Amino acid sequence: MSTKITYYLIVVLLIIGLYGAGTLVIDELATGDSCPKILYIPMCIVVLVCFLVPLVAHLLKKWNVLYFLFAGLAFGIAFIASIMQYLGEAECPKTESGTPMCYYSLVLFSSIIGLRIFYLKSKNDH
């Protein structure tokens, strides 16, 4: 896969994530009960920021530490939420089809972290 394709694939995945998290944030602001909270902080807002910071870092082609810090934080949140959802210990927001959104976040953040590593390695090989 070329670095250009990888670059744009990362952008697309981050925009998809921003859209999904953004709709949850809008619902949370309207209803106050759309997102799970930790210490009164809605996790959908944290996840939205965790999509936004890597997108900006990726578009500017700098701040790799921030990219991986925020993507890693969101991966951790999605991983723990997915396990808790699976065990019935927590309830993630669901899509219209009923799929917990934490599962999608886990896949998205796994993908953008893996693709970013691939992108950086392939860019350095040229």
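Located above this text is the structure these notes cover.
Residues numbered from 1 in each chain as written. Predicted model: local features only at pLDDT ≥ 70, side-chain atom pairs only at ≥ 80, totals over all residues. Heavy atoms only, no water.

K.L.:
Where do I start with helix H3 (residues 64–87) in this structure?
P.N.:
An α-helix turns once every 3.6 residues. As a result, residues three or four positions apart point the same way. The end-to-end C-alpha distance of H3 is 34 Å, a good match for the 34 Å that 24 residues give at a rise of 1.5 Å each. All of the buried residues along H3 are Tyr67, Ala71, Ala74, Ala78, Ser82 and Gln85. Residue Gly88 follows H3 closely and has a positive phi angle near 80 degrees. (Helix = DSSP H or I, 4+ residues; strand = E, 2+ residues; numbered from the N terminus. Expected span 1.5 Å × (residues − 1). Buried < 20%, exposed > 50% of the residue type's maximum accessible area, 1.4 Å probe, protein only.)

K.L.:
I keep staring at the pattern of salt bridges and nothing clicks. Help me out?
P.N.:
Opposite charge on two side chains permits them to pair, given that their charged atoms come into close proximity. Applying the stated criterion to the full structure yields two salt bridges. Salt-bridge contacts for Lys94 lead to Glu91; the nearest nitrogen and oxygen are separated by 2.1 Å. Among the residues examined, Lys94 registers a relative accessible area of 36% and is labelled partly exposed. (Salt bridge = Lys/Arg side-chain N within 4 Å of Asp/Glu carboxyl O.)

K.L.:
What is the right way to look at the packing of helix H1 (residues 3–31) against helix H2 (residues 43–60) in this model?
P.N.:
Packed helix pairs are specified by the crossing angle of their axes together with the interaxial distance, meaning the distance between the axes. Contact geometry of H1 with H2 gives a least axis separation of 8 Å together with a crossing angle of 155 degrees. In terms of orientation, H1 lies roughly antiparallel with respect to H2. The chirality of how H1 crosses H2 is left-handed. Residue composition of the contact of H1 with H2, grouped by class: 19 nonpolar, three polar and one charged. (Axes fitted to C-alpha atoms, helices over the stretch in contact; angles between N-to-C directions. Parallel < 35°, antiparallel > 145°, perpendicular 65-115°, else oblique. Left-handed = near helix turned anticlockwise from the far one by under 90°. Nonpolar A, V, L, I, M, F, W, Y, C, P; charged D, E, K, R; others polar.)

K.L.:
When you look at H2 in this model, what are you seeing that I'm missing?
P.N.:
Compared with the 26 Å implied by 1.5 Å per residue over 18 residues, the 26 Å span of H2 between its first and last C-alpha is a close match. Along H2, the residues that are buried comprise Met43, Cys44, Val47, Cys50, Phe51, Pro54, Leu55, Ala57 and His58. Positioned one or two residues after H2, Lys61 has a phi angle of 55 degrees, which is positive.

K.L.:
It is not clear to me how the packing of aromatic side chains should be interpreted in this structure. Could you clarify?
P.N.:
Any pair of aromatic rings gets described here by the distance separating the centres and the angle formed by the planes. Tallied over the entire structure, the rule returns five aromatic pairs. Here Tyr7 and Tyr119 contribute two aromatic rings whose centre-to-centre distance is 5.8 Å and whose plane-to-plane angle is 45 degrees, an arrangement assigned as tilted. Of this pair, Tyr7 sits in helix H1 while Tyr119 is found in helix H4 (residues 101–125), placing the two residues 112 residues apart along the sequence. For the pair shown, Tyr7 and Tyr119 are each scored as buried. Taken together, a centroid distance of 6.0 Å and an interplanar angle of 15 degrees make the contact between Phe75 and Phe79 stacked. Residue Phe75 and its partner Phe79 are located together in helix H3, separated by four residues, close to a single helical turn. (Phe/Tyr/Trp six-rings, centres within 6.5 Å; stacked < 30°, edge-to-face > 60°.)

So far we have only geometry, and geometry alone does not tell us how the molecule works.
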